[in-house]
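A closer look at the structure
So you can see what is in the structure, the chains are spelled out below.
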Amino acid sequence: MLRSTKFRSRLIYGLLFTALIPLALCSFLILQSFRIRTSSREQQQALASADYVRAAFSQITQSDDRLNHAAERIGSSEVLRRALSSEASYYTLVYTELFSATQEIRSYAVADLYDAAGKLVYSTGNQPYRDSLPVDWGILYAAAQAEGQLVLRCPDSSGAADEPALLYSASIHSPEGRLLGYSLFRIYPSGLQDLFRGRLGVQDELLILSPYWHPVFSTSQNLFNTAHSLREQLMNSGTLRDETGVYFYTVCKDEPSGLFFVLRQPHMVSPDTTRQLVVITVLCALGSILLAVWVSLRFSRQMAKPLENLQTAFEQVEHNRLDARVDESGRDEFAQLGKRFNRMAEALSRNQQELVEGERELNQAQLRMLQAQLNPHFLCNTLDTMKWISKTNKVPQVAVMSTNLADLLRFCIGPEETVPLRQELQVLQRYVEIQQIRLSDRFEFVLTVPEALMDCSVPKMLLQPIVENAILHGIDTVAEGRITLAAFEEQGMLHICVSDNGPGFSPEMTGRYHGAPSREDSHHLGLYNLNTILQKYYSPECGLFLENTPEGGASVTAVLPAERGTSHA
Amino acid sequence: MMRRYLAVLLVLCTLGSLCACGAQPTQTEYSPGDNRLVIYTSHKQEIVQPIVREFEERTGIWVQIISGGTNELLDRIAAEENDPQADVMFGGGGESLQACSKYFQPYASPELDSLLPQYREEDRVWLPFSSLPIVLIYNSKLLSAGQLTGWNDLLSGSLQGEIAFADPALSGSCFTAAVTAGYVCGNMEETMQTFARQLGGEICSSSGDILTAVEEGRKKAGVTLEETALKQLGPGSDLVMVYPREGTSCIPDGVAVIRNAKHSENARRFVDFVLGKDVQQLLARELFRRSVRSDVSADPALPEVYAGAAAHYSIEWASTNREKLLSQWAFWFGQEG
């Protein structure tokens, strides 16, 4: 089962890749475009509301004009100037003048008069701010520097309601230009609070910062307290960021005053929502991973089973069990592959069977040849004895026959399997001599072999059965028998042709030799064995070919490869 | 292969640009850029804040304040020697600044000429900011007037184990006090040895704890800075402040421009500002400190400080011998009695 792991993991990765990448890409794009859309929308809205807030503050900027107006009136009032330059003044008269000068602004501002040394002399409020203020420091110093112009200072404030958020001041001069004192206008958080009431969204918070980003006023104490860290952020990175990710900041500057308005609003898409979206995406990804794994397991199981069967079958074939077959039902590629495999196994098994049978036949033929070689040494010796006896008794034919027979036998029992054609022909001569004596020279034997072919090696005793066949069947019936042995080479094949002048073969016998061994026809056994040896020893193209000569005699041709010099081991 | 890389690159670019689009808006346009000054200060918020706010208003320079202990900040300056993060060291005793002189840039402020003659040391890399006399305090419920009038009363043995004092290794003012006693009473080592033994093996955790210890009656007497004592004095307090009759030292704390500071021009403007008359007057008027300027008179309620032999107090000497004196002090302190 594990053998298909690699294939399966490839399948899993492939499916994961095709499932996850588009999913991840899509969800990232959707999330991102969603964020961009919402953030650009919320930024536009925030800028709009910041402008709205600034417009609200411009009431103070307009009131700035009112403050300027009041400051000018105070500065130009003869009564007040006199009150500041000399002690002797009518208390009520001074206040009447002061109240009438500050009528327009007293709803949100408290007006004080300080003398040239910074000592508080008159105030429209009932809670004095400071009894005296340094003239070389802070707001009065700035007012003196501005020479009559209204200046703004943001005092150090903790955001408490009883501390002024903004201080405006202008110096007061005598017509000759002598510094008489200062007018001071205090604006408290409550005044600003009134100004912005109803102008901010429910969740919006406003922080007003001095030109150097120190907190002046805020609608929420919490935001007021973060002013310091906002200033650090601005100085260090130029970007305001909320660590929790819940809020975002919008900043705009009020040019005339130099004050900054910072609006803190919650994101339209809170981090919680984003987290939720991410979680959903991750869950989707997980789901698709599971699906991919499941599908790939299913697929691989479906494919792995037939593959595994095939593999087992191949293994069996490897171990030479050719009866292995696979299930070839179904119509898919695997079934076709199974069919092919089965056919291949069948062919293999058929081939093997043929091979085995051929081998068995060869072995039988060789066995028969051996059986024919009966205890030859004894026979040879006997023949030699016979030769000497016949010589002593003056019977030359017996001597010749026994000599030939002994040579023949010796040649037969020699160890070599192939011999040069020359030697084969010499031994054949002995055999023919014996037969000639036997048949009282009723036939002549003609040998026409070119000298060039004499060295070709041939199987031992190749020609004897053929010539024997010619003597037995060919010249049996004719008075002047004639056996011819010719040889020639054609296309690397040695043809040795033995022909006679007998009656010839019956027509059905001509062509390639195709006899079968039979006990009854022992004459043909020699030819059958010879044919088998040639075919099995060399190749199926080799063997014996039967035909009739134009004169009517029979001709047997042995065809075998023309190999020279070397003898087969 | 090439085409595949190109495709991947394209996708990444698209994603990158999308990410960039999603970024938050920035407020860089309102950022002061280099129009700023970074101050390391060991002064308390109540001193730094008004000065810095006024500096911002008058110069338009944005100031970043980084507060810490003197030694902590000097260590930071030493660590940042090659890439200074701050421009000015504001605060810290003269001896501490002198010891770190190689991290500072000498600055001959035009205000130097207006300083009191004793503070007009032109070859120094730091400049004096305020004068801080060492004073004695006692709890009026535990000691009667006349029992503590000067250094010799402290060293006489009658207040053995009753003196509130912090470890001079940790508190700059206590180190100055011990050295001052040595100057005033003659033989430096002998005096300091006697002083150390008078403590009876007990010290306060910090110089701020000295006042609390005396106020609460844990100790009868103590040694502290005039500024610290003045802030604590007032109706309802049992503390009495005594200027030692033998004289006392007025070692200034200082301000210094850090070497290779990124905004050294702004730093010099700040030094001029704090040495200027307006700030010095603020010190005397509201912050219980004595000005180093000749043209700013102290609070008329405060007496002239009689320096006596302490006038010879050498900041350079004290700074060079600090380590030696401190180790000796630790030894004497351990001897007890």
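Residues numbered from 1 in each chain as written. Chains lettered and ligands numbered in written order. Predicted model: local features only at pLDDT ≥ 70, side-chain atom pairs only at ≥ 80, totals over all residues.

Notes on the overall build of chain A
Looking only at helices and strands, chain A has 14 helices and 17 strands in total. A burial count over chain A gives 29% of its 569 residues as buried. Taking the contacts inside chain A whose residues are at least 6 apart along the sequence as the reference set, 62% of them involve residues at least 24 apart. (Helix = DSSP H or I, 4+ residues; strand = E, 2+ residues; numbered from the N terminus. Buried ≥ 20, exposed ≤ 12 C-beta atoms within 10 Å, placed from the backbone. Contact = placed C-beta atoms within 7 Å.)

Looking at the overall build of chain B
The helix and strand inventory of chain B stands at 13 helices and 10 strands. Among the 337 residues that make up chain B, the fraction classed as buried is 45%. A fraction of 79% describes how many contacts in chain B between residues 6 or more apart in sequence connect residues 24 or more apart.

Details of the interface of chain B and chain A
Contacts between the two partners involve 24 residues from chain B and, on the opposite side, 24 residues from chain A. When residues of the side of chain B that touches chain A are assigned to their parent elements, the largest contribution, 5 residues, is made by helix α2 (residues 45-59) of chain B. Residues that form the side of chain B that touches chain A fall into these classes: 8 nonpolar, 9 polar and 7 charged. (Nonpolar A, V, L, I, M, F, W, Y, C, P; charged D, E, K, R; others polar.)

Examining the sheet that holds strand β5 (residues 179-187) of chain A
All names here are of chain A. Across the sheet, 5 strands lie side by side as β2-β1-β5-β4-β3; this open sheet has antiparallel pairing. Each having just a single partner strand, β2 (120-123) and β3 (151-153) make up the two edges of the open sheet. Across the sheet, the axes of successive neighbouring strands diverge by a mean angle of 25°, strand direction being ignored. Sheet analysis places strand β1 (residues 109-115) next to β5, joined by 7 bridges and oriented antiparallel. (Pairing = 2+ DSSP bridges. Axes fitted to C-alpha atoms, helices over the stretch in contact; angles between N-to-C directions.)

Regarding the packing of helix α12 (residues 421-438) of chain A against helix α13 (residues 463-474) of chain A
Residue and element names in this part refer to chain A. Between α12 and α13, the least distance of the axes is 10 Å, while the angle of their chain directions is 30°. Judged by the inter-axis angle, α12 sits roughly parallel to α13. Helix-helix and strand crossings are classified by hand; for α12 and α13 the assignment is right-handed. Within the contact between the two elements, α12 uses E424, L428, Y431, V432 and Q435 and α13 uses L463, Q464, V467 and I471. When its residues are assigned to classes, the contact of α12 with α13 shows 6 nonpolar, 2 polar and 1 charged. (Parallel < 35°, antiparallel > 145°, perpendicular 65-115°, else oblique. Left-handed = near helix turned anticlockwise from the far one by under 90°.)

Re unusual backbone geometry
At E147 of chain A, a position not held by glycine, the phi torsion is positive, near 50°. With respect to the helices, strands and loops of the structure, E147 of chain A is situated in the loop between α4 (138-146) and β3. In this model, N260 of chain B sits at a positive phi of 60°, which is unusual for a non-glycine residue. Examined against the element boundaries, N260 of chain B turns out to sit in the loop between β9 (250-258) and α10 (264-275).

Examining the sheet that holds strand β7 (residues 215-218) of chain A
All names here are of chain A. Reading across the sheet, the 4 strands line up as β7-β6-β9-β8 and stay open at both edges, with antiparallel pairing between neighbours. A strand with exactly one partner marks an edge of an open sheet, and here the two such strands are β7 and β8 (247-254). Neighbour to neighbour, the strand axes of the sheet diverge by 20° on average, direction disregarded.

Some thoughts on the pairing of strand β2 (residues 62-67) of chain B
Residue and element names in this part refer to chain B. One ladder, built from 6 bridges, connects strand β1 (residues 36-41) with β2; its direction is parallel. Counted as the bridge partner of Y40 is I66 from β2. Following the backbone out of β1, through α2 and into the adjacent parallel β2, one traces a crossover that is right-handed. (Right-handed = clockwise from strand over helix to strand, strands pointing away.)

Details of helix α3 (residues 91-101) of chain A
All names here are of chain A. Listing the buried residues of α3 in full gives E97, L98 and A101. Each buried residue of α3 lies within a common arc of 100° when the element is viewed along its axis, so the set occupies one face. Facing away from the buried side of α3, by more than 90 degrees, are the exposed residues Y91, T92, T96, F99 and S100. (Arc of directions from axis to C-beta.)

Some words on the environment of Y52 of chain A
Residues and elements named next belong to chain A. Inspection of the secondary structure assignment puts Y52 in helix α1 (residues 5-76). Taking the number of C-beta atoms within 10 Å as the measure of exposure, Y52 has 15 and is therefore partly exposed. Each C-alpha atom of the pair Y52 and R199 lies 7.4 Å from the other, and the pair is 147 residues apart in sequence.

Side note on the environment of L530 of chain A
Residue and element names in this part refer to chain A. Residue position: L530 is located in helix α14 (residues 523-537). Assessed through the 25 C-beta atoms surrounding it within 10 Å, L530 is described here as buried. Expressed as a C-alpha distance, the spacing of L530 and A558, which sit 28 residues apart in the sequence, is 8.9 Å. Residues within four places of L530 in sequence aside, it is in contact with L462, P465 and L544.

Focus: the nonpolar core
Core analysis: the biggest nonpolar cluster contains 63 residues, and L140, L209, F261 and V262 of chain A have the highest contact counts within it. At 8 residues, the largest contribution of residues to this core is made by α1 of chain A. Not counting residues up to four positions away in its chain, the partners in contact with L209 of chain A are H214, P215, V216, A227, L259, F260 and V262 of chain A. L159, F165, I203 and V242 of chain B belong to the second-largest nonpolar core, a separate cluster that totals 49 residues. (Core = buried A, V, L, I, M, F, W, Y, C linked by C-beta atoms within 7 Å.)

Thoughts on the packing of helix α6 (residues 172-184) of chain B against helix α7 (residues 188-198) of chain B
All names here are of chain B. Between α6 and α7, the shortest axis-to-axis distance is 8 Å and the interhelical angle comes to 130°. With respect to α7, the element α6 is oriented oblique. Where α6 crosses over α7, the handedness of that crossing is right-handed. Mapping the contact onto sequence places A178, A181 and G182 in α6 and M188, T191, M192 and F195 in α7.

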